[in-house]
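Structural overview for review
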Amino acid sequence: MLYKGLASSRKSGDTKHQLEFIYFMQNLIHNFHIPVMGLAFSIDSPQKVAQYGIDSVLSLSDDTLLEQMRAHYSQVYNEPYTAITPDEEDYRARRVTAYLDLVDRIVKQQLESMRHEAFEDGTRLTKYFTLLPDNSPLRAKYEQMLQTQNPEQKTLIQQELRTLLQAGSIDVNIMTKLDKINYNDKGEPLPTEFSDALAALRGFAKSTVQAAVVFSAGLNMRLYSYIEQFLNFFPDVKGYLAKKIIIKVSDYRSAYVQGKILAKKGLWVSEFRIESGLNCGGHAFATDGFLLGPIMEEFKQNRKALQEELYGIFSSALQSKGMAVPAEAPAMRLTVQGGIGTSEEQQFLQQHYGVDATGWGTPFLLVPEASTVDENTLQQLVKAGSEDLYLSPISPLGVPFNALRGTSSEALKTARADKGKPGSPCIKKHLVSNTEFTTEPICTASRKYQRRKLEQLQSMNLTAEKYKAEEAKVLAKECLCEGLADTALIQLDIPKKQSPKAVAICPGPNLAYFSGIFSLQEMVDHIYGRVNVLNNTYRPHMFINELKMYVAYWLKQISEQLEPIPDKQQKYLQSFRQNLLQGIQYYKQLLPVLFNVKEKLEQQVIMLNELLEAEDQLLLEQEINKVVLA
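First things first, this report covers the structure right here in the doc. Computed from a predicted structure; not experimentally measured.

1. A word on the sheet that holds strand β3 (residues 170–175)
- Taken together, the 8 strands give a closed barrel; going around it, the order is β1-β2-β3-β4-β5-β6-β8-β9, and neighbouring strands pair in parallel fashion. The average undirected angle you get between the axes of adjacent strands in this sheet is 25°.
- Alignment of strand β8 (residues 333–337) against strand β9 (residues 357–359), held across 3 bridges, turns out to be parallel. The residue bridging Gln337 from the neighbouring strand is Gly359, located in β9.

2. A closer look at the environment of Asn182
- Locating Asn182 in the fold gives a position in the loop between β3 and α9 (196–205).
- Asn182 gets classed as buried once you look at its relative accessible area, which sits at 15%.
- Between the alpha carbons of Asn182 and Phe194 there is a distance of 6.6 Å; along the sequence they are 12 residues apart.
- Apart from the residues within four sequence positions on either side, Asn182 is in contact with Glu188, Pro189, Leu190, Phe194, Ser195 and Asp196.
- Here Asp196 takes part through its side chain, which lies 2.9 Å from a polar atom of the side chain of Asn182.

3. Some words on the packing of helix α11 (residues 252–263) against helix α12 (residues 292–320)
- Where α11 contacts α12, the axes come no closer than 9 Å and their chain directions differ by 10°. It follows that α11 is roughly parallel to α12 by the angle criterion. Residues Tyr252, Ala255, Tyr256, Gly259, Lys260 and Ala263 of α11 form the contact with α12, whose participating residues are Ile295, Glu298, Phe299, Asn302, Leu306, Glu309, Leu310, Ile313, Phe314 and Ala317.
- Partitioned by chemical class, the residues of the contact of α11 with α12 number 11 nonpolar, 2 polar and 3 charged.

4. Here we look at the pairing of β8
- Judged by how many residues are buried, β8 sits mostly within the fold: 4 of 5 residues are covered.
- Taken together, the 5 bridges between strand β6 (residues 269–275) and β8 define a ladder with parallel strand orientation. Bridging from a neighbouring strand, Phe272 pairs with Leu334 of β8.
- For the crossover from β8 across helix α13 (residues 343–353) to β9, the handedness is right-handed.

5. Remarks on the packing of aromatic side chains
- According to the stated counting rule, one finds 21 aromatic pairs in the structure shown.
- Note on Phe32 and Tyr528: the rings are 5.9 Å apart at their centroids and 65° apart in plane angle, and the pair reads as edge-to-face. In this pair, Phe32 sits in strand β1 (residues 32–34) while Tyr528 sits in the loop between α20 (520–527) and α21 (542–559), placing the two residues 496 residues apart along the sequence.
- Residue class for Phe32 comes out buried when judged on its relative accessible area of 2%.

6. Considerations on the packing of α13 against helix α22 (residues 567–594)
- Packing of α13 against α22 brings their axes to within 13 Å, and their N-to-C directions diverge by 100°. Comparing the axis directions of α13 and α22 gives the class roughly perpendicular. Contacts between α13 and α22 pair Phe348, His352 and Tyr353 from the former with Tyr586, Leu590, Val593 and Leu594 from the latter.
- For the contact of α13 with α22, the residue count by class is 6 nonpolar, 1 polar and no charged.

7. Brief notes about the pattern of salt bridges
- Within this structure, the stated rule accounts for 35 salt bridges.
- The partner of Asp179 in a salt bridge is Arg222, and the shortest N-O contact between them spans 2.7 Å. Placement of the pair is Asp179 in the loop between β3 and α9 and Arg222 in helix α10 (residues 221–226), with a sequence separation of 43 residues.
- Measuring nitrogen to oxygen at the nearest pair gives 3.4 Å for the salt bridge that ties Lys468 to Glu471. Taken together, the residues span about one helical turn, with Lys468 and Glu471 both in helix α17 (residues 464–475) at a distance of 3 residues.
- By relative accessible area, which is 54% here, Lys468 ends up exposed.

8. Brief notes about the nonpolar core
- Formed by 167 residues in total, the largest nonpolar core has its most connected members in Leu60, Phe215, Phe233, Phe272, Phe364, Leu520 and Phe543.
- Discounting chain neighbours no more than four positions away, the residues touching Phe543 are Leu292, Gly293, Phe348, Leu349, Tyr353, Tyr587, Leu590 and Met607.

9. Regarding the sheet that holds strand β11 (residues 401–404)
- Sheet architecture is open: 3 strands sit in the order β7-β11-β10, paired in antiparallel fashion. A strand with exactly one partner marks an edge of an open sheet, and here the two such strands are β7 (282–283) and β10 (389–392).
- Where β10 and β11 come together, 4 bridges link them in antiparallel fashion. Looking at the pairing, Leu389 lines up with Leu404 of β11.

What counts, and where the lines are drawn
- Residues numbered from 1 in each chain as written.
- Predicted model: local features only at pLDDT ≥ 70, side-chain atom pairs only at ≥ 80, totals over all residues.
- Heavy atoms only, no water.
- Pairing = 2+ DSSP bridges.
- Helix = DSSP H or I, 4+ residues; strand = E, 2+ residues; numbered from the N terminus.
- Axes fitted to C-alpha atoms, helices over the stretch in contact; angles between N-to-C directions.
- Buried < 20%, exposed > 50% of the residue type's maximum accessible area, 1.4 Å probe, protein only.
- Contact = heavy atoms within 4.5 Å.
- Polar contact = N/O pair within 3.5 Å; in protein donor to acceptor, adjacent residues only side chain to side chain.
- Parallel < 35°, antiparallel > 145°, perpendicular 65-115°, else oblique.
- Nonpolar A, V, L, I, M, F, W, Y, C, P; charged D, E, K, R; others polar.
- Right-handed = clockwise from strand over helix to strand, strands pointing away.
- Phe/Tyr/Trp six-rings, centres within 6.5 Å; stacked < 30°, edge-to-face > 60°.
- Salt bridge = Lys/Arg side-chain N within 4 Å of Asp/Glu carboxyl O.
- Core = buried A, V, L, I, M, F, W, Y, C linked by side-chain atoms within 4.5 Å.

This is the structure in structure tokens:
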């Protein structure tokens, strides 16, 4: 048997052994995950893929959407449903808990019913095993069963395989920057534990799912301190964690700082999820010119030391709290995502940098079995080329946002402006941050803000050209609270009381290389190198794609500078460029390892030329702007 404690744990109902079994099995299934995608695109991914052992992440940002999805899936699965309304105490956290509990029950039911299916073509049970990577121990056991001729022995192996079925993790995402203070009906601020992020965390902590929360978009001390309120984030003596913490980072320093902050509280980071700063979907948090390859190298060189240092801090904190201290450091996974597009890239990241898994987001937008995208938007994605994908200014947060041109949300935004009513009604208020005209923060995509901002611009006696430029910046902002959620309402035919349905979508630039609608089997087979679903567009290596984005980003930064450039900004631009040049040198040295067989010599030459082209561009621009950047 693959796990010696399996039989006793299932027969005895020993919870601890079952938890150990789950922890053991999670490392035997798939070596990729589906990251969070917008608000709605992965909101029900666990109901679709967890039954096949695939981990996915859903967003907790929009409690209204979570409640709408709970109502929908309660009806689909004949579950009782009682609405949780905004006039009820702690409704946001309760909505999170209720939806996650429902998803947990659904996935468990799916898995249990799958165990009773036959090993025949077309069954979910067979699909579970055919999706597995070729080097999976479970896949090997399945292949052994197929080759076994003895009926009794075959039945025994089938029984073991059924017992070994394990669901993928129902992970959740909290964007730490989305943590507005909420108010009561008298306009008075509620206590801090009712802020958006803290309420979402509380909802997850109280749910039945045994999974991880992914913290993205940086440090939130108030949120991190609040985690200590929930014992299920702390380990037992064997290091098992019922609720895990994953930190999404774009560089090593961020991982080190956040890991130490949490370790001092007795909290363990079970995974550092590294994401490319620009070659990703949605909000793009650019590094200071640090490229993904050198970042991965730094993690590779320091991973063991980081784990040991954090374990020492973590152990001391647990001792001071009088809590059980694991005898050894709990597992600390390292994963990476952002622009991965081939099985060769996946394998290189795992083999060279030692990552435990990779994240594939954008390609799964084209897989209805894994994500939720309405039909009109899906067809736009299928036809999209690189010219349709751009790093946009549409986010009210002021952070660059990878998006698709020509969406229905963009059309609605333009139509409102053309009618002299720019901005959105701002019903959900998740992205409020601006206090330029108000005491209470409002959203820069809202009608309230844009009307006042345009009035201010009109009073400033700007030239026509300058006014047009400033007006465009204001009108560019788009309501993402509605735009990133409405696709699920359209696709699942869920009614919406307020404002029209219009979709914004946030694919990464990698979408340009995938054209079509794919089955789950096809996309998973592509990830594992069993088929190739890329289109015929020439696709540079993921490292080159990211490099080009960073060079373009740097050039844009220079073009937007007004002379004289402050010393601080000059140093930033110089450092950014130097980091890019160092990254190019790193990739030059990596080429023989990246393409290590004679058959790939041509690819090595092509990538070298692409590196030299980027290098020349940086050096030429430096020469042109030598006065500016001297």
